[in-house]
Structure formats: structure tokens, C-alpha cells
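Architecture at a glance
Chain by chain, the residues run as shown.
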Amino acid sequence: MPPTAGTGGERVFVQLGPPPTEPNQFNHPDAPRTYPPAVRERLAADAAEIVARYPQPKSAILSLLHLVQGEDSYLTPAGLGFVAEVLNLTGAEVAAVASFYSMYRRAPTGDYLVGVCTNTLCAVMGGDAILESLKEHLGVDDEETTADGTVTLCPVECNAACDYAPVVMVNWEFFDYQSPQSARELVDALRDGRPIHPTRGQPLRRFRDAQRQLAGFPDERPDDGQGGLGAATMAGLAEARRRDMAAPPPSAVSAEERRWHT
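Values in this document were obtained by computation on a predicted structure and should not be read as measured data. (Residues numbered from 1 in each chain as written. Predicted model: local features only at pLDDT ≥ 70, side-chain atom pairs only at ≥ 80, totals over all residues. Heavy atoms only, no water.)

**Observations regarding the packing of aromatic side chains**
To be explicit about the condition: Think of it this way: a Phe, Tyr or Trp ring, Trp meaning its six-membered ring, pairs with another when their centres are within 6.5 Å, and the plane angle makes it stacked under 30 degrees, edge-to-face over 60, tilted otherwise. Buried means the residue's accessible area, taken with a 1.4 Å probe over protein chains only, is under 20% of the maximum for its type, while exposed means over 50%, and partly exposed covers the values in between.
Evaluated as defined, the whole model comprises four aromatic pairs. Measuring from centroid to centroid gives 5.0 Å for Phe-100 and Tyr-101, while their planes differ by 85°, and the two rings are edge-to-face. Given the relative accessible area of 66%, Phe-100 is considered exposed. The class for Tyr-101 is partly exposed, based on a relative accessible area of 28%.

**Observations regarding the side chain of Arg-200**
Here is the rule we go by: Every helix listed is a DSSP run of H or I at least four residues long, and every strand listed is a run of E at least two residues long, numbered separately from the N terminus. Under this definition, polar contacts are N or O atom pairs within 3.5 Å; protein pairs additionally need one hydrogen-donor-capable and one acceptor-capable atom, and for neighbouring residues in sequence, both atoms have to be side-chain atoms.
If you trace the backbone, Arg-200 turns up in the loop between helix H7 (180-192) and helix H8 (207-214). A distance of 2.8 Å separates the side chain of Arg-200 from the side chain of Asp-176, its partner in a polar contact.

**What to know about the packing of helix H3 (residues 77-87) against helix H4 (residues 91-98)**
Pairs of packed helices are described in terms of their axes, by the angle between the two and the distance that separates them. Condition: Angles here are taken between N-to-C directions and fall from 0 to 180 degrees, while the axes themselves are lines fitted to C-alpha atoms, restricted in helices to the stretch in contact. Working rule for angles: under 35 degrees goes down as roughly parallel, over 145 as roughly antiparallel, 65 to 115 as roughly perpendicular, anything else as oblique. Crossing handedness: left-handed means the near helix sits turned counterclockwise from the far one by under a right angle, and right-handed means the same turn made clockwise. The contact definition used throughout considers only heavy atoms, calling two residues in contact when any of these lie within 4.5 Å. Each residue is assigned to one class: nonpolar for Ala, Val, Leu, Ile, Met, Phe, Trp, Tyr, Cys and Pro, charged for Asp, Glu, Lys and Arg, and polar for all the others, Gly among them.
Close contact between H3 and H4 brings their axes to 8 Å; oriented N to C, the two are set at 115°. Between H3 and H4, the interaxial angle falls into the category roughly perpendicular. The interaxial crossing formed by H3 with H4 has right-handed handedness. Each of Leu-80, Val-83 and Ala-84 in H3 lies in contact with H4, whose residues at this interface are Gly-91, Val-94, Ala-95 and Ala-98. Residue composition of the contact of H3 with H4, by class: six nonpolar, one polar and no charged.

**Overview of the environment of Val-167**
Mapping Val-167 onto the fold places it in the loop between strand E5 (151-156) and strand E6 (168-170). Under the relative-accessibility criterion, Val-167 is labelled buried at 2%. Sequence spacing of Val-167 and Gly-126 is 41 residues, and the spatial spacing of their C-alpha atoms is 9.3 Å.

**What about the nonpolar core?**
Spelled out, the test is: Residues belong to one nonpolar core when they are buried, are Ala, Val, Leu, Ile, Met, Phe, Trp, Tyr or Cys, and are joined through side-chain atoms within 4.5 Å.
Residues Leu-64, Leu-65, Leu-67, Leu-75, Val-83 and Val-94 are the most contacted members of the largest nonpolar core, which totals 26 residues. Those elements that provide at least two residues to this core are helix H1 (37-51), helix H2 (61-72), H3 and H4. Of all the elements, H3 adds the most residues to this core, at six residues. Apart from residues no more than four positions distant in its own chain, Val-94 is found in contact with Ile-61, Leu-65, Leu-80, Val-83, Ala-84 and Leu-89. Among the nonpolar cores identified, the runner-up in size contains 18 residues, and Val-114, Val-116, Leu-153 and Val-170 belong to it.

Distances and angles like these do not, on their own, reveal function.
Rendered as C-alpha cells:
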């Protein structure tokens with residue numbers, strides 16, 4: 001934009017719009033613009049199953065975006081156009097929804113999306129150091145994919161696992177209590193194709209498979225018995241019980257307090 005006068009008379013420039021480091025909005029140069037007939041037919045069958053779950057077709061938009069992201073590993077003009085056609089929306093309407101969410105990718109994504117939490121607690125506990133270590137180790141920057149197409153590295157916001165900080169997620173499965181060394185060993189195992197199990201949850205699946213499950217299709221992975229709440233999550237409750245502490249009865253809470261907590 002044109003320069004504006006500063007407080008001391010100097011002229012300054014104000015940067016508007018997305019930060020320069022943000023990936024382009026669904027216009028990656030290699031992105032497909034249309035799907036071949038066989039792909040469209042397969043996606044159309046899946047889309048019909050998804051849309052049938054909702055009382056209003058437009059309510060299926062987020063699930064359909066995951067469907068086409070599972071096809072391409074990111075959102076492409078072909079995918080956005082397909083969703084728009086299925087829901088009888090304009091491409092601009094679909095892109096407006098998709099661009100609101102960070103879970104929809106703007107560029108090709110590797111088999112494993114490695115997200116390093118850099119929100120407050122994980123950062124304090126070492127998340128920033130883990131991210132910088134992985135950048136150097138993999139030779140990539142934020143949102144970049146390794147040359148072999150295996151790993152895409154990105155910083156992520158809170159994963160709701162602060163009691164296990166610092167946390168790294170691989171295709172949304174938890175790897176708790178990480179360090180720069182353990183995170184490097186993790187990505188090396190992913191790139192080498194060695195079996196590796198999340199700290200909690202089900203076995204790893206590839207990014208495209210994860211997108212189909214986020215779209216609402218069955219998750220056929222076995223439960224390795226890693227689910228449930230861990231000791232760190234339950235520590236506060238255990239301490240409250242040890243001290244014989246309990247929440248006050250509803251009658252002891254004032255109307256004003258109830259109003260602020262609802």
C-alpha cells in the first residue's frame with residue numbers, strides 16, 4: 001500500500017494481507033485442475049455416501065474437503081471444484097470455508113505430517129528447540145516436505161496434550177515427552193519405513209488414509225491398547241481425592257458465578 005506518514009515525519013510501509021511466509025491459497029503450480037473420469041466417478045460415490053449423512057447437503061462441506069485432500073494430499077483446484085459441484089456452491093464459497101482452517105493443506109503433503117507443538121507450554125518445555133532441530137536435521141523449513149516425499153514438517157498450535165509436553169504429532173497421533181534427539185530418531189524411523197508406535201492411540205496411518213477417516217469413513221486400525229487416560233492427565237484428580245477435595249454443591253454457587261461459567 002502507499003507509504004504513510006510516521007510519528008516523526010518519516011514514511012513507513014504497512015504490510016497488509018497474509019504474512020509472506022504463508023503458502024499460496026490453493027493455487028500450487030503443480031495442482032490438478034480437473035480429475036480424470038475414473039477418479040471423479042470414485043469420488044462421486046464416496047461423496048454421495050458422505051452427503052447422505054447430513055440433513056442439509058452444505059453441512060457436509062468439511063468432510064468433503066477431507067475427502068478430496070485424501071485424494072491429492074492437499075486442496076487443489078480440482079478438489080475445490082469437485083466439492084463445489086457436489087454441493088451446488090461456487091468455488092469462492094468453498095475456498096472461503098477451506099481457507100479458514102489450518103487443517104486443510106495448501107501444498108503437497110508427505111506420507112507423514114509431523115507437527116511440532118510450539119504453543120506456550122510445549123514451547124517452554126522445548127518445543128521450539130525440537131522444531132529448529134528437525135528443520136536442520138531434515139533440511140526443510142516450516143511447511144516443507146523432504147525430497148523423498150516422506151515427511152512434511154510444520155509447527156502446530158495446542159494439541160490439547162499439555163500434560164505430556166513437549167508433544168509431536170504424526171498424522172494426528174501423539175508422541176509425548178519429546179526431545180530434539182527423540183524427535184530426530186522419530187523422523188528417521190518414518191523415512192526408513194521402520195515400524196513405530198505412537199505413545200497413545202492407534203497405529204500410524206499415512207496422511208491420505210487419515211484424511212479419508214476424517215471424512216467419516218471407517219477406521220479399520222486395531223487398538224494396540226494404548227488408549228485411555230495417562231497418569232499425567234489423572235494427576236490432578238488423584239491429588240484431589242488424596243486431599244478429600246470435592247466440587248461445591250450447586251446450591252453453594254451463586255447465580256452470578258453460574259452465569260459466568262455457562
